[in-house]
Amino acid sequence: MPNIAALWLDVGQFAPEVAPAVVISSELSRESDLFIPDSRRAWIRLAVAVLIGSLGSVGMWSVVVALPVVQTEFAASRGTASLAFTMIMLGFGSGAVLTGKITDRYGIVTAIGLGIGILGLGYVVAGMSTSIWQFILVHFAIGLSSSATFGPLMAEASHWFDRYRGLAVAVAASGNYIGGTIWPPVVNYAIEATGWRTTHIGLGIFTAVAMTLALVGLRMLMGAGGQRDHQNAPPPRVDLRISTNALTAILSLAAIACCVAMSMPQVHIVAYCGDLGYGVARGAEMLSLMLGFGIISRIGSGFLADKIGGIRTLLIGSVAQGSALLFYLFFDSLTSLYIISAMFGLFQGGIVPSYAIIVREAMPASEAATRVGIVIFASVFGMSFGGWISGAIFDATGSYMAAFANGLAWNALNIVIMLLLLMRARQRLAMA
């Protein structure tokens, strides 16, 4: 009788050795909604995520357009009115940590759902504000709710892709800039047509309805798909011989410095154009142009970082951002401001995502989400501080020239930090 023992297959013994990709890609599984990374459904999910991010980012940009008229109505100083943007950024930074934890524990749908409710209510309360301080404080809640459509969506997108993960994360992050391109002129038109109070109430109602519909669509697309862990993620590729805590602190300081510089045009370009006599509508168009070109920069930085690494990509962006800031000091005609604003957007859009790339290149995957959250919080602090200090400098000097010079000084600090990290990376490469 022939020996047929060799024909037996012990599934229990060999199952753990089966590649996860093979299991995931089985279209004939009992679960018809078993998710396949990099699949057509993944790209559809990403498109819906970008839509949600674009809608939710209204909280980041409406205050920039409304700042001059709110300042006038409440007879407030420019520095005081700018605190509304500061509260937006502080709420956004705090919310990045809070909504991230909610996403990890309960899922992205719950996190965004809570954000939608707070965002809608916040805008209604802002439109009914009876004092400048009420208007300022409620923007903390608006910023907190907007954060649910930024960091958590980027983290979720990273679970949907393997081969195109970097591109997917960059695209997810671009929802913020797509909203920044669309919302300023829309908000400006609505304020001119109906007043800032009606505009804010209308924004609250519209975003709540539109985002809820988009979230329902995302939930249907997600089905039973779950998050993917980091156990099998590749190890860091860059060894700077710096502890993760020290590198996190260094990157956080760099993020503060670059974002103080970044905030000057983004927060004050509308008011600056008003002061020059061009009108706030021109300023809103420049902000829209700036953020539109930022989308190109943000996505392009992902491709560039794949070629030369995150540190070099960030350094290039920081040098380019400083160059654009320098042009603001010497040119203030209407045409030149349009051109410089487009340049600024094209140069700075990829800076913040580069920090996430550096973290992933130099730190373990198991710590990446936490470390990225800390650095993003630092960048948000830099934006909020920069928005306020630029307004305060304007109040003290009566001009934005000193505020642009202040931004250049902070930008120079960022360049120095990146150069030092790059030099250390080269030294480590030589030693290896």
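All values derive from a computational prediction rather than experimental measurement. (Residues numbered from 1 in each chain as written. Predicted model: local features only at pLDDT ≥ 70, side-chain atom pairs only at ≥ 80, totals over all residues. Heavy atoms only, no water.)

When helices and strands are counted, the chain shows 18 helices and 0 strands. Each of the 432 residues in the chain was classed as buried or not, and the buried ones make up 50%. Look at the contacts in the chain between residues 6 or more apart in sequence, and 83% of them connect residues 24 or more apart. A total accessible area of about 19100 Å² is found for the chain, and carbon and sulfur atoms account for 68% of it. (Helix = DSSP H or I, 4+ residues; strand = E, 2+ residues; numbered from the N terminus. Buried < 20%, exposed > 50% of the residue type's maximum accessible area, 1.4 Å probe, protein only. Contact = heavy atoms within 4.5 Å. Areas by Shrake-Rupley, 256 points an atom, 1.4 Å probe, with all protein chains shown as cover.)

So, on to the environment of N188. In this fold, N188 is placed in helix α10 (residues 175-194). On the basis of relative accessible area, N188 is assigned to the buried category, the value being 9%. Sequence separation between N188 and A66 is 122 residues; the distance between their C-alpha atoms is 7.5 Å. Setting aside residues no more than four positions away along its own chain, N188 makes contact with V65, V280, A281 and A284.

Okay, the nonpolar core next. Note that soluble globular proteins tend to have their nonpolar side chains buried in a common cluster. Counting residues in each nonpolar core, the largest one holds 110 residues, and the members touching the most others are I52, L251, Y328, Y355 and M418. When we break this core down by domain, the ones giving at least three residues each are domain 1 (38-222) and domain 2 (233-431). (Core = buried A, V, L, I, M, F, W, Y, C linked by side-chain atoms within 4.5 Å. Domains from an automatic or database assignment.)

Counted according to the given criterion, the structure contains 2 salt bridges. E73 is paired through a salt bridge with R197; the nearest N and O atoms lie 2.9 Å apart. Here the residue E73 occupies a position in helix α4 (residues 58-73), and R197 occupies one in helix α11 (residues 196-222), the gap between them amounting to 124 residues. Relative accessible area serves as the criterion here: at 27%, R197 is assigned to the partly exposed category. In this structure, R282 and E285 form a salt bridge, with 2.8 Å as the shortest nitrogen-oxygen distance. Note that R282 and E285 are positioned in helix α13 (residues 280-308) at a spacing of 3 residues, about one turn of the helix. Among the residues examined, R282 registers a relative accessible area of 28% and is labelled partly exposed. (Salt bridge = Lys/Arg side-chain N within 4 Å of Asp/Glu carboxyl O.)

Our focus in this paragraph is unusual backbone geometry. Even without glycine at this site, A75 takes up a positive phi of about 50°. Inspection of the secondary structure assignment puts A75 in the loop between α4 and α5 (78-106).

Turning next to empty space enclosed by the protein. On inspection of all chains with the given rule, the structure shows 1 cavity of 30 Å³ or more. Lining the largest cavity we find 17 residues, and of these M60, M89, N176, V352 and M383 sit closest to its centre. Residue assignment for the lining of the largest cavity shows that the elements contributing at least two residues are α4, α5, α10, α12 (244-275) and α17 (365-397). For the lining of the largest cavity, the element with the highest residue contribution is α17, accounting for 4 residues. Partitioning the lining of the largest cavity into residue classes produces 13 nonpolar, 3 polar and 1 charged. (1 Å grid on protein atoms, 1.4 Å probe; cavity = no way out; pocket = protein on both sides within 12 Å on 5 of 7 lines; lining within 4 Å. Points joined across faces, edges and corners; volume = space filled by probe spheres on them. Nonpolar A, V, L, I, M, F, W, Y, C, P; charged D, E, K, R; others polar.)

Turning next to the confidence of the model for the chain. The predicted model of the chain averages 80 in pLDDT, with 84% of residues at 70 or higher. Note on residues 1-33: pLDDT is under 50 here. Beyond four places in sequence and across chains, it has 17 contacts. Within the model, pLDDT remains below 50 along residues 224-233, and this stretch shows 17 contacts once partners closer than five positions in the same chain are excluded. (pLDDT = per-residue confidence, 0-100.)

A word on the environment of T244. Mapped onto the elements, T244 comes out in helix α12. Separated by 119 residues in the primary sequence, T244 and M363 place their C-alpha atoms 6.6 Å from one another.

All right, on to helix α16 (residues 351-362) then. Taking 1.5 Å as the rise per residue, α16 with 12 residues should run 16 Å; its terminal C-alpha atoms sit 17 Å apart, in good agreement. Within α16, 9 of the 12 residues are buried, which leaves the element mostly enclosed by the surrounding structure. Residues of α16 that are buried include every one of I351, V352, P353, S354, Y355, I358, V359, E361 and A362, and no others. (Expected span 1.5 Å × (residues − 1).)

Glancing now at the environment of V372. The residue V372 is located in helix α17 in this model. When the C-alpha positions of V372 and A356 are compared, they lie 5.6 Å apart, and in sequence the two are 16 residues distant. Setting aside residues up to four positions removed in sequence, V372 forms contacts with A356 and V359.

Throughout the structure, instances matching the rule amount to 13 aromatic pairs. Ring plane angle 10° and centroid distance 6.3 Å describe the contact between F381 and F385, whose orientation is recorded as stacked. One end of the pair, F381, and the other, F385, are both in helix α17, 4 residues apart, so they sit about a helical turn from each other. Overall, F381 belongs to the partly exposed group, its relative accessible area being 39%. The class for F385 is partly exposed, based on a relative accessible area of 27%. Residues F385 and W410 carry aromatic rings whose centres are separated by 6.1 Å and whose planes lie at 70° to one another, so their mutual orientation is edge-to-face. Here F385, found in helix α17, pairs with W410, found in helix α18 (residues 401-431); they are 25 residues apart in sequence, far enough to count as distant. Aromatic rings pair up to connect Y272, Y328, F344, F394, Y400 and F404 into one cluster. (Phe/Tyr/Trp six-rings, centres within 6.5 Å; stacked < 30°, edge-to-face > 60°.)

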